[in-house]
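Chain residues, written in single-letter form:
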Amino acid sequence: MKRLLVALALVVSACSATPDGPTTITFWDNNGGPGRTPIYQELIRRFEAANPDVKIAYVGVPSSSVQQKYDTAIAGGSTPDVGGVTTSYLAHLVGQDALEPADERVESGELKGKLLTSLLETVRQTAPDGKLYAVPASGNMDVIWYRSDRFEENKIPEPTTWDELAQAAAKLTKPAANQYGFTIRGGAGSVFQLLSEAYSYSGVEKFYDGGKSTVADPRNAELVRKVAELYKKATPEADVNNNYTQMVAQFTGGTVAMMHHNLGSTADVMKALGPERVSAMPLPKGPSGKRAVVPNPTDGFAVFKGSKNRDAAWKFVDFLVSAESNGYWNEKVGQIPANTDVRGAEWIQKNPAVKMALGVLEDPATVLVPAPVYLPEYSSITKTDTEPLYQKVLLGQMSAQEFLDQLAAKLTTAQQDWEKRK
């Protein structure tokens, strides 16, 4: 018991001001590790230099365990002052009444009118009451990475439709040379990518229509069939079990000419191939001609209600999302800055992939179709329940329509249950 009281005293003292010293606030990085921790260390150094009355206690938490860590902290009343969050579990935190709404702070502060509308919308749509429970800092978007050098050698223009992509994949496939036009993510993480492809093709503008999932729309099924038809014809046979690591290895190793992922793989792709051999394009359109985008989870920062130093916590959030800090962060990770004042930065002009993604998200004709990541069952439905079924589609053991019918039924039930609870 004595040790427990000492530990609690240390936690409290770490999050409060002392009469003779600065205020210390605790910040949890929701994806701590060698790639991101040094970036935050530099930003914290800059913040503390400009704000000597505030000190930041940095805690790096692996992304694989951060939601569990937050749950434990909430239950124990020992949450950080500021935490990095993504929209994939933001609703879960909101449901526990753990976060401070940011609406008034943003509207009355220096960030007013300076945050990318599409990212704000994605965050607001995650919360059941439509409030802003996290300040968006970094966006991501699905893209098709492609070997521009091989396209040039074969005189193939950049595909703008899924039919053109399939034709290019067939032309770039040379099995005898172990070269294939495309790679399919058939293993872990496959269904989210597949849904992004399906909606980009179908142009369906809502994930739900009257409480019923639109996943099983015949136009979505048409795309799933098209992708499945590429398997083993224009893709490696091993694709049926591909996860992210294996897919990237095939692309960077030269086996495949096109890969669907997102801006998060920029560093791996550029390090292996360089800008002279690889480019990125948005997911192609379908027959409707619409640009429909299923947003990736948006990264941001939230202030917890348990914070005893909320003003200092918000000051740190404002700093992290300021133009200079937000630009520094996103340049290092190769993602989309939330602060629109970064739009004209030199590094963006030199990063064609980020510049292209910004153009898509800022285009008023782009339709955002947010996936229901707020559903508690969403992850288990799209991963545990559905990934094995997608593998059956690739292997010709299940039709695309049957696969989507089963997925849509579960998503519809989950949405209806959520509405009742809300």
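Residues numbered from 1 in each chain as written. Predicted model: local features only at pLDDT ≥ 70, side-chain atom pairs only at ≥ 80, totals over all residues. Heavy atoms only, no water.

1. Regarding the pairing of strand β1 (residues 23-29)
Step number 1: Across the seven residues of β1, six count as buried, placing the element largely inside the fold.
Step number 2: Where β1 and strand β2 (residues 54-60) come together, seven bridges link them in parallel fashion. In the sheet register, W28 faces β2, and the bridge partner there is V59.
Step number 3: Where β1 meets strand β3 (residues 82-86), two bridges bridge the pair, whose relative direction is parallel. In the sheet register, F27 faces β3, and the bridge partner there is V82. (Buried < 20%, exposed > 50% of the residue type's maximum accessible area, 1.4 Å probe, protein only. Helix = DSSP H or I, 4+ residues; strand = E, 2+ residues; numbered from the N terminus. Pairing = 2+ DSSP bridges.)

2. Some points on helix α18 (residues 387-394)
Step number 1: If you check which residues of α18 are buried, you get E387, L389, Y390, V393 and L394. The buried residues of α18 occupy an angular sector of 155° when projected down its axis, which confines them to one face.
Step number 2: On its buried face, α18 is in contact with α9 (190-202), α10 (218-230), α17 (378-385) and α19 (400-421).
Step number 3: With its phi angle positive at about 80°, G396 sits one or two positions after the end of α18. (Arc of directions from axis to C-beta. Contact = heavy atoms within 4.5 Å.)

3. Topic: the sheet that holds strand β5 (residues 142-146)
Step number 1: Taken in spatial order, the three strands make up an open sheet running β8-β5-β9, and their pairing is antiparallel. Both outer strands of the open sheet, β8 (258-262) and β9 (279-282), are each paired with one neighbouring strand and no more. Adjacent strand axes in the sheet meet at a mean angle of 35°, parallel and antiparallel pairs treated alike.
Step number 2: Across four bridges, the pairing between β5 and β9 is antiparallel. Among the inter-strand pairings, W145 is bridged to a residue of β9, identified as A280. (Axes fitted to C-alpha atoms, helices over the stretch in contact; angles between N-to-C directions.)

4. Comments concerning the packing of aromatic side chains
Step number 1: A complete count under the given rule lists 17 aromatic pairs for this structure.
Step number 2: Taken together, a centroid distance of 5.3 Å and an interplanar angle of 35° make the contact between Y70 and F304 tilted. Residue Y70 is found in helix α3 (residues 66-76), and its partner F304 is found in the loop between β11 (299-303) and α13 (310-320); the two are separated by 234 residues along the sequence.
Step number 3: Taking the relative accessible area as the measure of exposure, Y70 reaches 0% and is therefore buried.
Step number 4: The class for F304 is buried, based on a relative accessible area of 0%.
Step number 5: Measuring from ring centre to ring centre gives 5.2 Å for Y199 and F207, while their planes differ by 25°; the resulting arrangement is stacked. One exposure class covers both Y199 and F207, and it is buried.
Step number 6: Aromatic rings pair up to connect F27, Y40, F47, Y58, F301, F316, F319 and W329 into one cluster.
Step number 7: The ring of Y328 has R46 lying over it, and the distance from NZ or CZ to the ring centre is 4.3 Å. (Phe/Tyr/Trp six-rings, centres within 6.5 Å; stacked < 30°, edge-to-face > 60°. Lys NZ or Arg CZ within 6 Å of the ring centre and 35° of its normal.)

5. A few points about the environment of G35
Step number 1: Tracing the backbone shows G35 in the loop between β1 and α2 (37-50).
Step number 2: Taking C-alpha positions, G35 is 23 Å from Q349, a pair spaced 314 residues apart along the chain.

6. Overview of the side chain of T412
Step number 1: Turning to its location among the elements, T412 is positioned in helix α19.
Step number 2: A relative accessible area of 13% means that T412 is categorised as buried.
Step number 3: Polar contacts involving the side chain of T412 include one to the main-chain amide nitrogen of S213, which spans 2.9 Å.
Step number 4: The residues touching T412, leaving out its near neighbours within four places in the chain, are Y208, G211, K212 and S213. (Polar contact = N/O pair within 3.5 Å; in protein donor to acceptor, adjacent residues only side chain to side chain.)

7. Considerations on the confidence of the model for the chain
Step number 1: A residue-level look at the chain finds 95% of positions with pLDDT of 70 or above and a mean pLDDT of 93.
Step number 2: Counted against residues more than four places away or in other chains, residues 1-18, with its pLDDT under 50, gives 15 contacts. (pLDDT = per-residue confidence, 0-100.)

8. Some thoughts on the side chain of S200
Step number 1: By secondary structure assignment, the location of S200 is in helix α9.
Step number 2: According to the relative accessible area criterion, S200 is buried, its value standing at 2%.
Step number 3: Only 3.4 Å separates the side chain of S200 from the backbone oxygen of P284, close enough to count as a polar contact.
Step number 4: Residue contacts for S200: discarding those within four places in its chain leaves W162, L283, P284, K285, G286, K290 and A292.

9. Observations regarding the sheet that holds β11
Step number 1: Spatially, six strands are ordered β2-β1-β3-β11-β4-β12 in an open sheet, and the strand pairing comes out mixed. Lying at the two open borders of the sheet, with one neighbouring strand each, are β2 and β12 (336-337).

10. Re the environment of S88
Step number 1: Mapped onto the fold, S88 is located in helix α4 (residues 87-95).
Step number 2: Accessibility expressed as a relative area gives 34% for S88, which makes it partly exposed.
Step number 3: Distance from S88 to D299, taken between C-alpha atoms, is 9.1 Å for residues 211 residues apart in sequence.
Step number 4: In contact with S88, other than residues within four places in its own chain, are P297 and V373.
Step number 5: Here the side chain of S88 touches T86 through a polar contact of 2.5 Å, side chain to side chain.

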